[in-house]
Amino acid sequence: MMITTKDIIREGHPALRKTAEEVQLPASKEDKEILAGLLEYVKNSQDPEMAEKHGLRPGIGLAAPQINVSKRMIAVHVKDHDGILYSYALFNPKIISHSVEKSYLTAGEGCLSVDRMVPGYVPRHARIKLSGTTLEGEKITLKLKGLPAIVFQHEIDHLNGIMFYDHISQENPFTISGDAIAIE
Ligand SMILES: CNC(=O)c1cccc(C)c1Nc1nc(N2CCN(c3ccccc3Cl)CC2)nc(N2CSC[C@H]2C(=O)NC)n1
């Protein structure tokens, strides 16, 4: 069944603060359908016609806990600064190494499970190396930087019950270390 925005749980729902369970591989038919559904949502939400037709709030990433499925699955569909498309649906994504350097979106972050603007910079690893398993059962590793790195970290946080605003400084939401890379 097609995932729509009403299937997305909102902050305050306890499932958003749980640590999601590893998916047993090879994945079951049901888990494959859920993961494929996450990617389909993100792609549909970026298509003006589909978004309009089904009232989809646009996103570039979505994690299974956001549809109340506490399993380690994420989908990302985003273009980087050079227009390279990163379209992935992964079981059990894991950050295996990361830069010391940080980066952040100068416009702040939004989340499909958060129906309000939360101003502030969200400091994240500038570069990450991650592993995961695709819908076809292939184990892959990805080296990411820029906006794709930000989105994957935002979605992997959801698997650990972390919301983007947990990273925003309480004292001054717009403080960021001097050497952090600004992503416009
Ligand atoms: C508070 N300021 C802001 O929200 C914010 C404000 C301005 C710029 C940015 C860059 C901001 N930040 C931000 N904008 C996005 N979108 C930009 C618009 N886009 C989109 C919209 C319409 C059609 C197609 C598309 Cl593609 C959908 C995605 N997405 C995320 N995040 C954080 S990482 C996961 C990702 C996510 O999917 N969130 C739902 N952050």
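Scroll up a little and you will see the structure.
Note that the coordinates shown come from a computational prediction; the quantities given were computed from them, not determined experimentally. (Residues numbered from 1 in each chain as written. Predicted model: local features only at pLDDT ≥ 70, side-chain atom pairs only at ≥ 80, totals over all residues. Heavy atoms only, no water.)

K.L.:
What exactly am I supposed to notice about the environment of S87 here?
P.N.:
Structurally, S87 is set in strand 3 (residues 85-98). We classify S87 as partly exposed; its relative accessible area is 28%. Through-space distance from the C-alpha of S87 to that of G61 is 9.5 Å; in sequence the pair is 26 residues apart. Leave out the neighbours within four places in its chain, and S87 touches L39, V76 and H77. (Helix = DSSP H or I, 4+ residues; strand = E, 2+ residues; numbered from the N terminus. Buried < 20%, exposed > 50% of the residue type's maximum accessible area, 1.4 Å probe, protein only. Contact = heavy atoms within 4.5 Å.)

K.L.:
How should I be thinking about helix 3 (residues 146-159) in this particular structure?
P.N.:
Over its 14 residues, helix 3 extends 21 Å from the first C-alpha to the last, a length consistent with the 20 Å expected when each residue adds 1.5 Å. Most of helix 3 is tucked away, with twelve of its 14 residues classed as buried. Restricting attention to buried positions, one finds in helix 3 the residues P148, A149, I150, V151, F152, Q153, H154, E155, I156, D157, H158 and L159. Following helix 3 by one or two positions, G161 has its phi on the positive side, about 70°. (Expected span 1.5 Å × (residues − 1).)

K.L.:
Sorry, what's going on with the nonpolar core here?
P.N.:
Generally speaking, a soluble globular protein has its nonpolar side chains buried in company with each other. Counting residues in each nonpolar core, the largest one holds 21 residues, and the members touching the most others are L38, Y41, L62, I67 and M73. In terms of residue count, the dominant contributor to this core is helix 1 (residues 29-45) (six residues). Not counting chain neighbours up to four residues away, the residues in contact with Y41 comprise I3, T4, T5, I8, L56, R57, L62 and L112. (Core = buried A, V, L, I, M, F, W, Y, C linked by side-chain atoms within 4.5 Å.)

K.L.:
Even after reading the chapter, I still don't get the pattern of salt bridges, so can you show me in this structure?
P.N.:
In a structure, side chains of opposite charge can pair up when their charged atoms sit close to one another. Overall, the coordinates contain ten salt bridges when judged by the stated rule. Close ionic contact of E11 with R116 constitutes a salt bridge, the shortest N to O distance being 2.6 Å. Linking E11 in the segment before helix 1 with R116 in the loop between strand 4 (102-105) and strand 5 (124-125), this pair joins segments that are 105 residues apart in sequence. Residue classification places E11 among the partly exposed positions, given a relative accessible area of 27%. R116 gets classed as partly exposed once you look at its relative accessible area, which sits at 45%. D166 is the salt-bridge partner of R17, the closest N and O atoms lying 2.6 Å from each other. Of this pair, R17 sits in the segment before helix 1 while D166 sits in the loop between helix 3 and strand 8 (181-183), placing them 149 residues apart in sequence. Classification of R17 by relative accessible area gives partly exposed; the value is 45%. Overall, D166 belongs to the partly exposed group, its relative accessible area being 38%. Via salt bridges that share partners, R10, R57 and D115 belong to a single interconnected network. (Salt bridge = Lys/Arg side-chain N within 4 Å of Asp/Glu carboxyl O.)

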